[in-house]
Amino acid sequence: MEQTVNVYLFGKQYTVPASLTIMGAMEYAGYQLVRGCGCRCGFCGACATIYRIKGDRELKACLACQTQVEDNMYVATLPFFPLVKQPYDIENVKPTERVMMQLYPEIYSCIGCNACTKVCTQGLNVMQYIAYAQRGDLEACAEESFDCVMCGVCSSRCPAGITHPQVGMLARRLTGKYLAPTSEHLEARVQEILNGDFKALVESLMQKPLEELKELYNTREIEK
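Just so you know, these numbers come straight off a predicted model, no measurement behind them.

Undergrad: Help me understand the pattern of salt bridges, please; the structure alone is not making it clear to me.
TA: Side chains carrying opposite charge are able to pair once their charged atoms draw close together. Evaluated as defined, the whole model comprises four salt bridges. For the salt bridge of Glu192 with Arg189, the shortest nitrogen-to-oxygen distance reads 2.8 Å. One end of the pair, Glu192, and the other, Arg189, are both in helix α8 (residues 184–194), three residues apart, so they sit about a helical turn from each other. On the basis of relative accessible area, Glu192 is assigned to the partly exposed category, the value being 28%. Accessibility expressed as a relative area gives 46% for Arg189, which makes it partly exposed. We note a salt bridge from Glu212 to Lys208, for which the minimum N-O separation is 3.2 Å. Residue Glu212 is classed as partly exposed on the basis of its relative accessible area, which comes to 35%.

Printed below as a string of structure tokens:
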């Protein structure tokens, strides 16, 4: 018989197989996941979860789709956290040193507690990319925050009320539009798509049976 563990989901105890992820354990226990489950087994950030192991004072954060259950794990999910997103038109916003001050002035209230970094589900140095944003180094901020999945757990622990994911997103958008080198082959491919060069090919693929599509995918020529 498969090994089992005891987990506490929203305050109620359940015995579940030890091999399950937190998300799998919730479904095993009978919960129907209709939101906060995103792409399932990916890194979309929708299933942000906080948990504590019985007897341990440390509160931990993770993504439920990627984290295996532990014995005596107390779980609470955060399917939504109210991140503050300032409205802007990327065509009109420019990558100046003042852009963060204008849109996200709260970053200058950071007290350096590093709670955002400690709780990040992706293990990012969140406080560091906020420091880059404070200095107007948008490219460094974009690079440091590149793997952010916008789960919002960092903001949930911030005493200064900083919206870290949105700051990183703004830096990445400005970097991609104005600062990063132009990719000529990418621009050429986008233009081919806009011209409809692949329309017939896509339509033909849509008519093929699933097994044939799988075979085409598994035997495709991979560019080196």
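Once you've had a look at it, read on.
Undergrad: Hey, could you run me through helix α4 (residues 126–135) in this one?
TA: Listed in full, the buried residues belonging to α4 are Val126, Tyr129, Ile130, Ala131, Tyr132 and Ala133. Backbone geometry just after α4 places Gly136 at a positive phi near 80°.

Undergrad: Just to check I follow, could you spell out the state of the cysteines for this structure?
TA: Note on terminology: a disulfide is the covalent bond linking the sulfur atoms of two cysteines. Going through the model one piece at a time under the given rule, you end up with zero disulfides. Of all cysteine sulfurs, the one in Cys65 lies closest to Cys47, which takes part in no disulfide; the gap is 3.8 Å. You can see Cys113 has no disulfide; the closest cysteine sulfur is in Cys116, sitting 6.2 Å from it.

Undergrad: Would you take a moment to explain the packing of α4 against helix α7 (residues 164–179) for this structure?
TA: Each pair of packed helices can be summarised by the angle the axes make with each other and by the distance between the axes. Viewed as axis vectors pointing N to C, α4 and α7 meet at an angle of 55°, and their least axial separation amounts to 10 Å. Regarding the angle of α4 to α7, the classification is oblique. Crossing of α4 against α7: the hand is left-handed. Listed contacts from α7 to Val126, Tyr129, Ile130 and Ala133 of α4 are His164, Pro165, Val167 and Gly168. Its residues assigned to classes, the contact of α4 with α7 shows six nonpolar, two polar and no charged.

Undergrad: Sorry, what's going on with the environment of Lys85 here?
TA: Here Lys85 is to be found in the loop between β5 (73–77) and α2 (99–103). Residue class for Lys85 comes out partly exposed when judged on its relative accessible area of 49%. Sequence separation between Lys85 and Leu103 is 18 residues, and the spatial gap between their C-alpha atoms is 9.0 Å. If we skip the residues at most four places from it in the chain, Lys85 touches Tyr104, Gln166 and Arg173.

Undergrad: Which parts of the structure should I look at to understand the sheet that holds strand β4 (residues 60–63)?
TA: Note: strands within a sheet are paired through backbone hydrogen bonds, in either parallel or antiparallel orientation. Sheet architecture is open: five strands sit in the order β2-β1-β5-β3-β4, paired in mixed fashion. Either end of the sheet is taken by a strand with one partner, and the two such strands are β2 (12–17) and β4. Going across the sheet, the axis of each strand differs from the next one's by a mean of 35°, ignoring polarity. The pairing of strand β1 (residues 4–9) with β2 spans six bridges and is antiparallel. Looking at the pairing, Tyr8 lines up with Gln13 of β2.

Undergrad: Would you explain the packing of aromatic side chains in this entry?
TA: Under the defined criterion, the tally for this structure stands at three aromatic pairs. Ring plane angle 5° and centroid distance 4.1 Å describe the contact between Tyr8 and Tyr74, whose orientation is recorded as stacked. Of this pair, Tyr8 sits in strand β1 while Tyr74 is found in strand β5, placing the two residues 66 residues apart along the sequence. Residue class for Tyr74 comes out partly exposed when judged on its relative accessible area of 34%. Geometrically, the ring pair formed by Tyr14 and Tyr31 is edge-to-face, given 5.9 Å between the ring centres and 70° between the ring planes. Taken together, the positions of Tyr14 in strand β2 and Tyr31 in the loop between α1 (22–28) and β3 (48–53) put the pair 17 residues apart, joining distant regions of the chain. Judged by relative accessible area, which is 15%, Tyr14 ranks as buried. Classification of Tyr31 as partly exposed rests on a relative accessible area of 26%. Linked through ring pairs, Phe10, Tyr14 and Tyr31 together constitute an aromatic cluster.

Definitions and cut-offs
- Residues numbered from 1 in each chain as written.
- Predicted model: local features only at pLDDT ≥ 70, side-chain atom pairs only at ≥ 80, totals over all residues.
- Heavy atoms only, no water.
- Salt bridge = Lys/Arg side-chain N within 4 Å of Asp/Glu carboxyl O.
- Helix = DSSP H or I, 4+ residues; strand = E, 2+ residues; numbered from the N terminus.
- Buried < 20%, exposed > 50% of the residue type's maximum accessible area, 1.4 Å probe, protein only.
- Disulfide = S-S within 2.5 Å.
- Axes fitted to C-alpha atoms, helices over the stretch in contact; angles between N-to-C directions.
- Parallel < 35°, antiparallel > 145°, perpendicular 65-115°, else oblique.
- Left-handed = near helix turned anticlockwise from the far one by under 90°.
- Contact = heavy atoms within 4.5 Å.
- Nonpolar A, V, L, I, M, F, W, Y, C, P; charged D, E, K, R; others polar.
- Pairing = 2+ DSSP bridges.
- Phe/Tyr/Trp six-rings, centres within 6.5 Å; stacked < 30°, edge-to-face > 60°.

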